[in-house]
Structure formats: C-alpha cells, structure tokens
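# Notes for the structure review
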Amino acid sequence: MEELIFLYTRYVPEFIEGTKTTLWLTGISLLVGFIIGLPIALARIYGGGWIRKLVIGYVEVFRGTPLLVQLFIIYYGLPEFGITLSQTASAIVSLGLNSAAYQAEYFRGAIQAIDSGQIIAARAVGMSHIKAIRYVVLPQAFRLVIPAWSNEAIGLLKASAVVFLIAMPDLMAKAKIIAGRYFSPIESYLAVAVAYILLVLFLSIFLSFVERRVKIPGLEIETAR
Amino acid sequence: MKAPIIKAEGIYKAYGEVEVLKGVSLNVNESEVVVIIGPSGTGKSTLLRCLNLLIKPDRGRIWLNDIEISAPYFNSNRVREQVGMVFQDFNLFNHLTALDNISIALRKVLHMKVAEAKERSLQELNNVNLLDKKDLYPSQLSGGQKQRVAIARALALDPQVMLFDEPTSALDPELIGEVLEAMKTLAEKGMTMIVVTHEMGFAREVANRIIFMEHGNIVEEGSPNEMFLHPQILRTREFLWKITELYGKHENK
C-alpha cells in the first residue's frame, strides 16, 4: 500500500506528462478522423458509382484490421516504400485514418436517420442540394450523432494506448517505464487504469454537457416510453 | 390574350416499369386556382413535383412565364424561388424555430441581410396569425400551426405560383379549417394556386377549375359547376359520388 502512495506522489508529474500526450494525440486524431470521416459519409450517401465503391472499400479496410496492425504498417512498413514518418506522425495518421472509418459510419447513420422530406422541403425553397445538406441536414445530423460519436471519442482515447508500442511517451508508456524502474507492474498499471477511467469520465461528462446544450425539442430519435 | 403562367405539355414519368404520368398537359393562368382531384397513387403529387422540377419528367416540356424551365441546362433552383410548395407532411426544418424556418431561405438563397430577412419573416408569420409562436420549434406546434408556418415559409420568397400537395390530409379534422382559411385568403389576394386535395368543399368554393386525374392521365376538367353538377365522364361521376358521400360534412349547402 505504501508503494502505491509512493508511486502516485513521486510520479505525478510523469503521469501528467503522459496524460497530456494521450489527450492531445486523441484530440488531433479525432479531428483528423472528423475531417476525413464526414466527407466519406457524404460521399457514401450522395456519391455515385466508383466514388461509393472507393469509400466503402476504405471503411471496410480500416474497420476490418486491428488498429495495432495499421499502426505498425504505417510506422514500420511504409519506410520500405520510401515513406518514413516520425512516431508522432505515424500515431496521428493511423489513429486518424482508423477513427475516420468509424466516424464515417456514425455520421452516415445520423444523416440517414433524417427524414427525406427535409431535403425535399429545402430544395422546394430554392436551396441547391449542397445548401440543403449544409443548412438543413447536417445541423440535425450533428445532434443525432452525439451519442454514437461520444462512443468513438471515448474509444479512441483508450485505443490510443497502443502508440506506446512505437515509443510514443503517452500515459501507457509512462506506466511501463515506471513499472520497469520499480519492478511493481501491478501498482503501476492499476494507477494508469485509474487515470484512464478518470479521463474517460471527464470526457463523458463534457460530451453529455454538449449534448444538452445543443438539444432542440423534438429533434431526437423517437424512443418509446 | 395573356399567356398562361404555367404551361406543361406531354409530361411523362415512369419509375422502372410503372408509368406514373402518361403524357399530361396543363395550362394555368395567372391568379387561377386549379384543384386536382383523383384517387391516390394516380400521379397527382408527381405532376405537382414536376412543375417545380423537384422531379424531372422523362418526357415533356414545362414553361414558367414563357420560359422553358424543363430545358436541359436550366437552373432548377431558381425555379423554386418562383414556385412555392406546401407538403402534406409539412416538412418544417426541425432544428429551426418557426421564425428561422421562414428566414433561412431568405438569407441563404436570396442572400437577404439578416435584419431584413427577420422583418420579412415576422411579416409573413403575422399574415398567418402565428406571430406569438415565432420562437417555438416545429415539435412544439400543432399540425395546423405547422402547416401555416409552412405556407408562410413558401410565401416569404414571393413566388408567382403556389403548389399545395394535399395540405390538409395529415391534419386533425378540427385543424383543417384554419389551413383552408389561410389558403382561401391567399386565393382572394390573387395568388396562382395549384392544389391537390380531397377537400371538396374547398374545391367547390375556391377553385376556378377542377381537374380529375386517374392512372396518370387527366380524365376530365372543368369549372366547379361543370364538374360537380354535370360531370361528362362516368368515372368522374363515380369518383365524385364516392368522395362526396365520404366527406358528407361539406355537403350542407
């Protein structure tokens, strides 16, 4: 027990460093995933022919392979083709591309849940298809997607732990270092587990808050009571 | 003789094997109120949606004010600024208040300034007697209120023609009246209207011309008197008899 307390007090700065890395890595990857994922969702719903096939292929590949495999291919495999990325770049690229595939499917679900009458009405008042999507469909889709997207955000936060395998100094990496130094793996990993739980908790609370703030009466998926 | 404000010639539309419109031709003059009646699934809605190019007919030509809007490279978005539409299911934008439902097209399509759009929207909302509901969301409005907001939304763009696709079919009987009143007022102001409806009372009172459609064709058309009192074609007579029997409450005249 004293060792636990010793760990926590002595290594708080290290934990904070690791947490910072985990947080900004997750944040940037979520952003990358969003920037790539939303257009993919739109392409899949509204695109034709080969565009659709292409994006479906992308989603299947990145959902169908483990994140760890994708990470290793990007960090260890790409150099064989002449593309050498730093650890940070590799981490962001693989987390981002992976997240994009999942986010694309969540957005697709939310967009398709919106009644087709909404687009028809938007076009009936003179909006182009693009304006209809931008001003009528997406604002509603963003509210509908929050529960699923929160899932992805939380998932990515935890999945980001794999980057320690390419020596990124994240929370998980710190745990390993500390465990190695003091030969007390159980205390070290438990402490890190608690740290992750706390991070996820704060993230969940924040996302619930956002959901409530942007809520519009009547704009929910109907649930029977 | 002034040209008809809307002219449609030979409109043909099929979905795969199913022929929905089999060569429909139609002229509507300015300030005319044309009511289209007929059994469900006979192409009435499809015809309406062809007139504002929401649906592209497979064959046929359409003119708005002598401009051929069915021409291949014509900008169909501009057409819908001139031809407004009201739907059976209202289709109000769920994420916007009543006021914003009206102003969004003014701002994003006509590029009106925010203040001007707001003023215009308040005016239109007032015209349908819903000014006090301006900050409510569609889910907080009754069906009749939603439809009146939808009418205000379409009118805000100052269209030349208004299309109504069974505007009262999804409403409680008690709420139908307020919507029909709004439409009647609009007709009295001289708006050109094409209305698909089952409301025979409205047809008889407000329509200048009634068109009976079935199986993708116009079966018969004429003034309300001609159609209700002296229908020439058997099928028209059958349909009207059935409908007036069903909607007997409008027959107390």
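Residues numbered from 1 in each chain as written. Chains lettered and ligands numbered in written order. Predicted model: local features only at pLDDT ≥ 70, side-chain atom pairs only at ≥ 80, totals over all residues. Heavy atoms only, no water.

### Let's talk about a nonpolar patch on the surface
Residue and element names in this part refer to chain A. A contiguous nonpolar patch, built from Val194, Leu198, Leu201, Phe202 and Ile205 and spanning about 470 Å² of accessible area, is present on the exposed surface. Secondary-structure assignment places Leu201 in helix α8 (residues 185-213). According to the relative accessible area criterion, Leu201 is partly exposed, its value standing at 44%. (Patch = residues over 30% accessible without salt bridge, like charges linked within 9 Å, V, L, I, M, F, W, Y side chains within 5 Å. Areas by Shrake-Rupley, 256 points an atom, 1.4 Å probe, with all protein chains shown as cover. Salt bridge = Lys/Arg side-chain N within 4 Å of Asp/Glu carboxyl O. Helix = DSSP H or I, 4+ residues; strand = E, 2+ residues; numbered from the N terminus. Buried < 20%, exposed > 50% of the residue type's maximum accessible area, 1.4 Å probe, protein only.)

### As for empty space enclosed by the protein
In this structure the tally under the stated criterion is two cavities of 30 Å³ or more. One number sums up the size of the second largest cavity: a volume of about 30 Å³. Lining the second largest cavity are Ala121, Ala124 and Val125 of chain A together with Met85, Phe87, Ala150, Arg153 and Ala154 of chain B. Contributing elements (two or more residues each) for the lining of the second largest cavity: α5 (116-124) of chain A together with α5 (143-155) of chain B. Of the residues belonging to the lining of the second largest cavity, the class tally is seven nonpolar, no polar and one charged. (1 Å grid on protein atoms, 1.4 Å probe; cavity = no way out; pocket = protein on both sides within 12 Å on 5 of 7 lines; lining within 4 Å. Points joined across faces, edges and corners; volume = space filled by probe spheres on them. Nonpolar A, V, L, I, M, F, W, Y, C, P; charged D, E, K, R; others polar.)

### Examining the sheet that holds strand β1 (residues 6-15) of chain B
Residues and elements named next belong to chain B. The four strands lie next to each other as β2-β1-β4-β5, forming an open sheet whose pairing is antiparallel. Every other strand in the sheet has two partners, leaving β2 (18-28) and β5 (67-68) as the edge strands with one partner each. With two bridges joining them, strand β4 (residues 59-64) and β5 adopt antiparallel strand pairing. Within β5, the position partnered with Leu64 by the bridge is Ile67. The sheet strands contacting helix α1 (residues 44-51) are β1, β2 and β4, and the helix crosses β2 at an angle near 55°. (Pairing = 2+ DSSP bridges. Contact = heavy atoms within 4.5 Å. Axes fitted to C-alpha atoms, helices over the stretch in contact; angles between N-to-C directions.)

### Considering the packing of aromatic side chains
A complete count under the given rule lists seven aromatic pairs over all chains for this structure. Between Phe34 of chain A and Phe142 of chain A the ring centres are 6.1 Å apart and the planes differ by 35°, which places this aromatic pair in the tilted class. With Phe34 of chain A in helix α1 (residues 2-46) and Phe142 of chain A in helix α6 (residues 129-159), the pair connects residues that are 108 residues apart, well separated along the chain. Classification of Phe34 of chain A as partly exposed rests on a relative accessible area of 28%. The exposure class of Phe142 of chain A is partly exposed, given its relative accessible area of 32%. Plain terms: the ring middles of Tyr75 of chain A and Tyr76 of chain A are 4.9 Å apart, the flat faces sit at 70° to each other, and that makes the pair edge-to-face. Here Tyr76 of chain A falls in the partly exposed class, since its relative accessible area comes to 44%. The ring of Tyr12 of chain B carries the charged tip of Arg59 of chain B above its face, separated from the ring centre by 4.1 Å. (Phe/Tyr/Trp six-rings, centres within 6.5 Å; stacked < 30°, edge-to-face > 60°. Lys NZ or Arg CZ within 6 Å of the ring centre and 35° of its normal.)

### Looking at the nonpolar core
Met162, Phe164, Met183 and Met193 of chain B are the most contacted members of the largest nonpolar core, which has 47 residues in total. The contact partners of Met162 of chain B, leaving out residues within four places of it in the chain, are Gly84, Val86, Ile151, Ala154, Leu155, Leu186, Met191, Thr192, Met193 and Ile194 of chain B. Ranked by size, the runner-up nonpolar core spans 44 residues in total, among them Met127 and Tyr135 of chain A together with Leu96 and Val109 of chain B. (Core = buried A, V, L, I, M, F, W, Y, C linked by side-chain atoms within 4.5 Å.)

### Let's talk about the interface of chain B and chain A
Listed per partner, the contact involves 23 residues of chain B and 22 residues of chain A. In total, about 1,900 Å² of surface goes out of reach between chain B and chain A, with carbon and sulfur atoms giving 64% of it. When the buried area of chain B at its contact with chain A is split by residue, Phe93, His95 and Lys108 of chain B rank highest and sum to 29% of it. Linking chain B with chain A are six residue pairs in polar contact (both at pLDDT 80 or more), by the criterion used here. Among the secondary structure elements, those contributing two or more residues to the side of chain B that touches chain A are α2 (76-82), β6 (83-86) and α3 (98-108) of chain B. Take the side of chain B that touches chain A: its biggest share by element is three residues, from α3 of chain B. A breakdown of the residues in the side of chain B that touches chain A according to their chemical character gives eleven nonpolar, eight polar and four charged. (Buried area = accessible area lost by both parts, 1.4 Å probe. Polar contact = N/O pair within 3.5 Å; in protein donor to acceptor, adjacent residues only side chain to side chain.)

### A closer look at the sheet that holds strand β10 (residues 217-222) of chain B
All names here are of chain B. Spatially, β6-β7-β8-β3-β9-β10 is the arrangement adopted by the six strands of the open sheet, whose pairing is mixed. Two strands close off the open sheet at either side, each with one partner strand: β6 and β10. Looking at each pair of strands side by side, their axes are set apart by 20° on average, direction ignored. Pairing between strand β3 (residues 33-37) and strand β8 (residues 192-196): four bridges, direction parallel. Bridge assignment links Val35 to a residue of β8, and that residue is Val195.

### Details of the pattern of salt bridges
Residue and element names in this part refer to chain B. Counted according to the given criterion, the structure contains 18 salt bridges over all chains. Note that Glu205 and Lys184 form a salt bridge whose closest N and O atoms lie 2.8 Å from each other. In this pair, Glu205 sits in helix α7 (residues 200-206) while Lys184 sits in helix α6 (residues 173-188), placing the two residues 21 residues apart along the sequence. On the basis of relative accessibility, which here comes to 46%, the residue Glu205 falls in the partly exposed class. Close ionic contact of Glu214 with Arg235 constitutes a salt bridge, the shortest N to O distance being 2.8 Å.

### What to know about the layout of surface pockets
Residue and element names in this part refer to chain B. Quantified by volume, the second largest pocket comes out at close to 350 Å³. Along the walls of the second largest pocket sit 17 residues, with Asn127, Leu155, Thr185, Leu186 and Lys189 positioned nearest its centre. Those elements that place two or more of their residues in the lining of the second largest pocket are α4 (114-127), α5 and α6. A per-element tally of the lining of the second largest pocket places α6 first, with five residues. Its residues assigned to classes, the lining of the second largest pocket shows seven nonpolar, three polar and seven charged.

### Concerning the packing of α3 of chain B against α5 of chain B
Relative placement of two packed helices is described by the angle separating their axes and the distance separating the axes. Residues and elements named next belong to chain B. Across the interface, α3 lies against α5 with an axial gap of 8 Å and an inter-helix angle of 25°. Taken as axis vectors, α3 and α5 run roughly parallel relative to one another. Crossing handedness for the pair α3 and α5: right-handed. On α5, the residues that touch Ala98, Asn101 and Ile102 of α3 are Val149, Ala152 and Arg153. Taken together, the residues of the contact of α3 with α5 break down into four nonpolar, one polar and one charged. (Parallel < 35°, antiparallel > 145°, perpendicular 65-115°, else oblique. Left-handed = near helix turned anticlockwise from the far one by under 90°.)

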